[in-house]
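So you can see what is in the structure, the chains are spelled out below.
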Amino acid sequence: MTEEIMQVLDGEVFGVWFLIGAALVFWMQAGFAMCESGFTRAKNAGNIIMKNLMDFCIGTVMWFICGASLLLGENVLGGFVGGLNFDVFSGYSNFDYSAFVFNLVFCATTATIVSGSMAERTKFSSYCIYSAVISAIIYPIEAHWTWGGGFLAEWGFHDYAGSNCIHMVGGICALIGASMLGPRIGKFEKDKNGKVTKVNAFPGHNLVIAALGVFILWLGWYGFNGAAATDIPTLGSVFLTTTVAPAVATVVCMIFTWIKYGKPDVSMCLNASLAGLVAITAPCDVTDCAGAAIIGAVAGLLVVFGVWFCDHVIHVDDPVGAVAVHMINGIWGTLAVGLFATDTAPGFALAGIGKGLFYGGGIDQLIKQFGGMAVTAAWTAVTITITFLIIKAVIGLRVSEEEEITGLDETEHGLPSAYSGFSLMDMSNTLDVNENTNLGVDEYDKASEAMKKASVPVVNASAVVQGTPLESGMNKVVIVTKLSRYDKLKKALNNLGVTGMTVTQVTGCGIQKGAGQMYRGVEMDMTLLPKIKLEVVVSNIPVDSVVETVKKTLYTGKIGDGKIFVYPVSRVVKIRTGEEDFAALQDVE
């Protein structure tokens, strides 16, 4: 009698733990949001947060409509998919609520992986559509093969918590999406033949937030990997391997980047922690401490290789390293089951698989792992490619060049900044023109003189200043224009011979009073638009040449092209040397 009571209590306890684990996995959405936001630029932070929020919310809607039954329903079509049903509506009194919620949070994780790799240049509407498709069709069907009693489960394929079904699938979607989308403006510099000659770094705006995201994800991973455990030894072993693998991966990555780059790379080590977690997810219940350490060590190297491979070999712009972390290490973790599965692990007997190659089991399990991985990868690649192609043809995947440079917070959500009250400016000096750059029209020479003067007014202060020596030959030219025009203007002035300039971020509005932005459904009284003020002092270079160059560079014929102010300069003193006037300007123009 006592033994029966204890069994019932054990079942109840682990039933509660099952739901606590689901809550931990849901909390990982916050980790993904923080990590992706920190690794990208401040002007897109609000867009990143919105996408991670909608991943879960859209995924939930898709899940109760069809996703849950496609994964958890009875086998149809020879175990290819679960039978579509609406038991969550028609049979709610006898419904398996816990399984519904638990599998839902895993589904949302798959969709959110794609967000990071396609960050900073994807249309929000397009993102919502393909996120819905992943949650409704792509993930539920392939997950059914492994976790819903489908043909891979019957074959003996093993993926305890999702290296294959979640992370590799999300990583493949991320790779294909980022490839079809193209790189962010300025990421790759090319020669006249189209060959990439340089890869530019776009540092994330807040590594502190990114690190917080990694810690949240690591905490959530104990639920991600451990929630399905139904006995204490298995749960303890899963916690051990889930701790060892990412820790070793991070240490190995730190040492490797220290040797290779001369300093330990912070952002890469954050990626390495996640890579180790991804890699241990499939074999966490069937491997031991030594196996977990080796799996983690390889993951720490693979993540560095993956980031390099995307940047320098296939030239896919992945802002957060999602392909390296999730796809490459998802594949590695899936295959690791066939290498490191051991009967000394508490979960091995329940898994019902063969031992790994390195533990005397031969290659049988490795072959099953490779086959299951290949089938899942093929399904994912085909379905997500079709999805992206349809979206691209109907509404487009990518925002315009000007929207991208301005930032998706403002252009996609009407949010002036996710950091209201802080002065934020994105002006990378490494930007260069590539195939995605087309920031203005080239119709300046065709426009009438009247239109040119109306579009970029020039105010000459010399004509109104009284009692000032105006014949010094030195002038200060001040340009106020849109932030998105900075890169093109900087290049034009450099080509003219101006090498010294002062740039500040300013806000302002003219008669048009800015764009009427909404906050929580209420229109703000006035929006000061973000602009730049660029100042140069010239002596040898004719002022008229500077003015003409600026006008031609900024001209579009639309309101907001900017203004040019010309001021006389009576005296210039270089503090370091004491040089004055012309001599003081010789190293800045």
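What you see is a predicted model, and the numbers here were worked out from it, not measured in a lab.

Caption draft 1: Highlighting a nonpolar patch on the surface. A surface patch of nonpolar side chains, about 550 Å² in accessible area, is lined by Val61, Phe64, Ile65, Leu84, Phe86 and Phe89. No other element matches the 3 residues that helix α2 (residues 45-72) contributes to the nonpolar patch. Within the secondary structure, phenylalanine 64 is located in helix α2. Residue class for phenylalanine 64 comes out partly exposed when judged on its relative accessible area of 31%.

Caption draft 2: Region of the structure containing the nonpolar core. By size, the foremost hydrophobic cluster in this structure holds 108 residues, and its most contacted members are Ile134 and Tyr139. No other element matches the 12 residues that helix α5 (residues 124-147) contributes to this core. In contact with tyrosine 139, not counting residues within four places along its chain, are Trp63, Leu71, Asn103, Phe106, Cys107, Thr110, Ile134, Trp147, Cys165 and Ile166. Core analysis: the next-biggest nonpolar cluster, separate from the first, contains 19 residues, Ile479, Ile532, Val547 and Val566 among them.

Caption draft 3: Here's a closer look at α5. In α5, a bend of some 45 degrees at isoleucine 134 exceeds every other bend along the element. Extensive coverage of α5 is indicated by the burial of 19 of its 24 residues. Glycine 149 lies just past α5 and shows a positive phi near 85 degrees.

Caption draft 4: Main features of the environment of lysine 531. Its location among the elements puts lysine 531 in strand β10 (residues 529-538). Distance in space between the C-alpha atoms of lysine 531 and glycine 562 is 9.1 Å, their sequence separation being 31 residues. In this structure, lysine 531 is in contact with Val480, Thr481, Leu483, Thr504, Gln505, Val506 and Gly508, ignoring residues within four places of it in sequence.

Caption draft 5: Structural view of the packing of helix α7 (residues 163-181) against helix α14 (residues 364-394). Two numbers describe how α7 lies on α14: the axes approach to 9 Å, and their chain directions differ by 40 degrees. Viewed along their axes, α7 and α14 form a crossing whose handedness is right-handed. Across the interface between the two elements, Asn164, Met168, Val169, Ile172, Cys173, Ile176, Gly177 and Met180 from α7 touch Gly372, Met373, Thr376, Ala377, Thr380, Ala381, Ile384, Thr385, Phe388, Leu389 and Lys392 from α14. Class assignment of the residues belonging to the contact of α7 with α14 gives a composition of 12 nonpolar, 6 polar and 1 charged.

Caption draft 6: Main features of unusual backbone geometry. One non-glycine residue with positive phi stands out, namely leucine 77, at about 55 degrees. Following the sequence through the fold, leucine 77 ends up in the loop between β1 (75-76) and β2 (81-82). Backbone geometry places histidine 315, a non-glycine residue, at a positive phi of 55 degrees. Within the secondary structure layout, histidine 315 lies in the loop between α11 (289-312) and α12 (322-340). The exposure class assigned to histidine 315 is partly exposed, which follows from its relative accessible area of 30%.

Caption draft 7: Quick look at α2. In a regular helix each residue adds 1.5 Å, so 28 residues correspond to 40 Å; α2 covers only 36 Å between its end C-alpha atoms and thus falls short of that length. The largest bend along α2 measures about 70 degrees and falls at tryptophan 63.

Caption draft 8: Molecular detail of the packing of helix α18 (residues 486-496) against helix α19 (residues 543-554). Running from amino to carboxyl end, α18 crosses α19 at an angle of 150 degrees, the nearest separation of the two axes being 10 Å. Taken as axis vectors, α18 and α19 run roughly antiparallel relative to one another. When the axes of α18 and α19 are compared, the crossing they make is right-handed. In this structure, α18 uses Lys488, Leu489, Ala492, Leu493 and Leu496 to contact α19, whose residues at the interface are Ser545, Val546, Thr549, Val550, Thr553 and Leu554. Considered class by class, the residues forming the contact of α18 with α19 number 7 nonpolar, 3 polar and 1 charged.

Caption draft 9: Representation of the packing of aromatic side chains in the model. Going through the model one piece at a time under the given rule, you end up with 25 aromatic pairs. Here the aromatic rings of tryptophan 17 and phenylalanine 239 are separated by 6.2 Å at their centres, their planes lie at 55 degrees, and the arrangement is tilted. Of this pair, tryptophan 17 sits in helix α1 (residues 2-39) while phenylalanine 239 sits in helix α9 (residues 232-261), placing them 222 residues apart in sequence. For phenylalanine 239, a relative accessible area of 29% corresponds to the partly exposed category. Measuring from centroid to centroid gives 6.5 Å for tryptophan 63 and tyrosine 139, while their planes differ by 40 degrees, and the two rings are tilted. Of this pair, tryptophan 63 sits in helix α2 while tyrosine 139 sits in helix α5, placing them 76 residues apart in sequence. The class for tyrosine 139 is buried, based on a relative accessible area of 0%. Lying across the ring of tyrosine 567, lysine 476 places its NZ or CZ 5.7 Å from the centre.

Rules behind the numbers
- Within each chain, residue numbers correspond to sequence positions counted from 1 in written order.
- Confidence filtering applies because this is a predicted model: local features only for residues at pLDDT of at least 70, side-chain atom pairs given and counted only at 80 or more, and all residues used for totals across whole chains, interfaces and linings.
- Here the side-chain values reflect all heavy atoms present in the structure, with hydrogen atoms and water set aside.
- Residues forming no salt bridge and having over 30% relative accessible area are the ones grouped into patches, like charges within 9 Å of each other and nonpolar side chains (Val, Leu, Ile, Met, Phe, Trp, Tyr) within 5 Å.
- All accessible-area figures derive from a Shrake-Rupley calculation using a 1.4 Å probe, and residue coverage is judged against the displayed protein chains alone.
- Here, a salt bridge means any side-chain nitrogen of Lys or Arg that lies within 4 Å of a carboxyl oxygen of Asp or Glu.
- A run of H or I in DSSP becomes a helix once it reaches four residues, and a run of E becomes a strand once it reaches two; helices and strands are each numbered from the N terminus.
- We call a residue buried when its accessible area falls under 20% of the maximum for its residue type, exposed when it is over 50%, and partly exposed in between, using a 1.4 Å probe and counting protein chains only.
- Put simply, a nonpolar core is a bunch of buried Ala, Val, Leu, Ile, Met, Phe, Trp, Tyr and Cys residues held in one set by side-chain atoms that sit within 4.5 Å of each other.
- Should any heavy atoms of two residues lie within 4.5 Å, those residues are considered in contact.
- The angle between axes fitted to the seven-residue stretch ending at a residue and the seven-residue stretch beginning at it gives the bend at that residue.
- Every axis in this analysis is a line fitted to C-alpha atoms, fitted for helices over the stretch in contact. Angles between the N-to-C directions lie between 0 and 180 degrees.
- By convention the crossing between two helices is left-handed if the near helix lies anticlockwise of the far one by an angle smaller than a right angle, and right-handed if it lies clockwise.
- Only Asp, Glu, Lys and Arg are considered charged in this grouping, and only Ala, Val, Leu, Ile, Met, Phe, Trp, Tyr, Cys and Pro are considered nonpolar; every other residue, Gly among them, is considered polar.
- Multiply 1.5 Å by the residue count of a helix minus one, and that product is the helix's expected span.
- For classification purposes, angles smaller than 35 degrees are called roughly parallel, those larger than 145 roughly antiparallel, those between 65 and 115 roughly perpendicular, and all remaining angles oblique.
- Centres within 6.5 Å are what make two rings of Phe, Tyr or Trp a pair, Trp counting through its six-membered ring; a difference in plane orientation under 30 degrees is then read as stacked, over 60 as edge-to-face, and the rest as tilted.
- In this scheme, the term charge over a ring applies when either NZ of a lysine or CZ of an arginine sits within 6 Å of the ring centre and within 35 degrees of the ring normal.

None of the figures reported here should be taken as evidence of function without further support.
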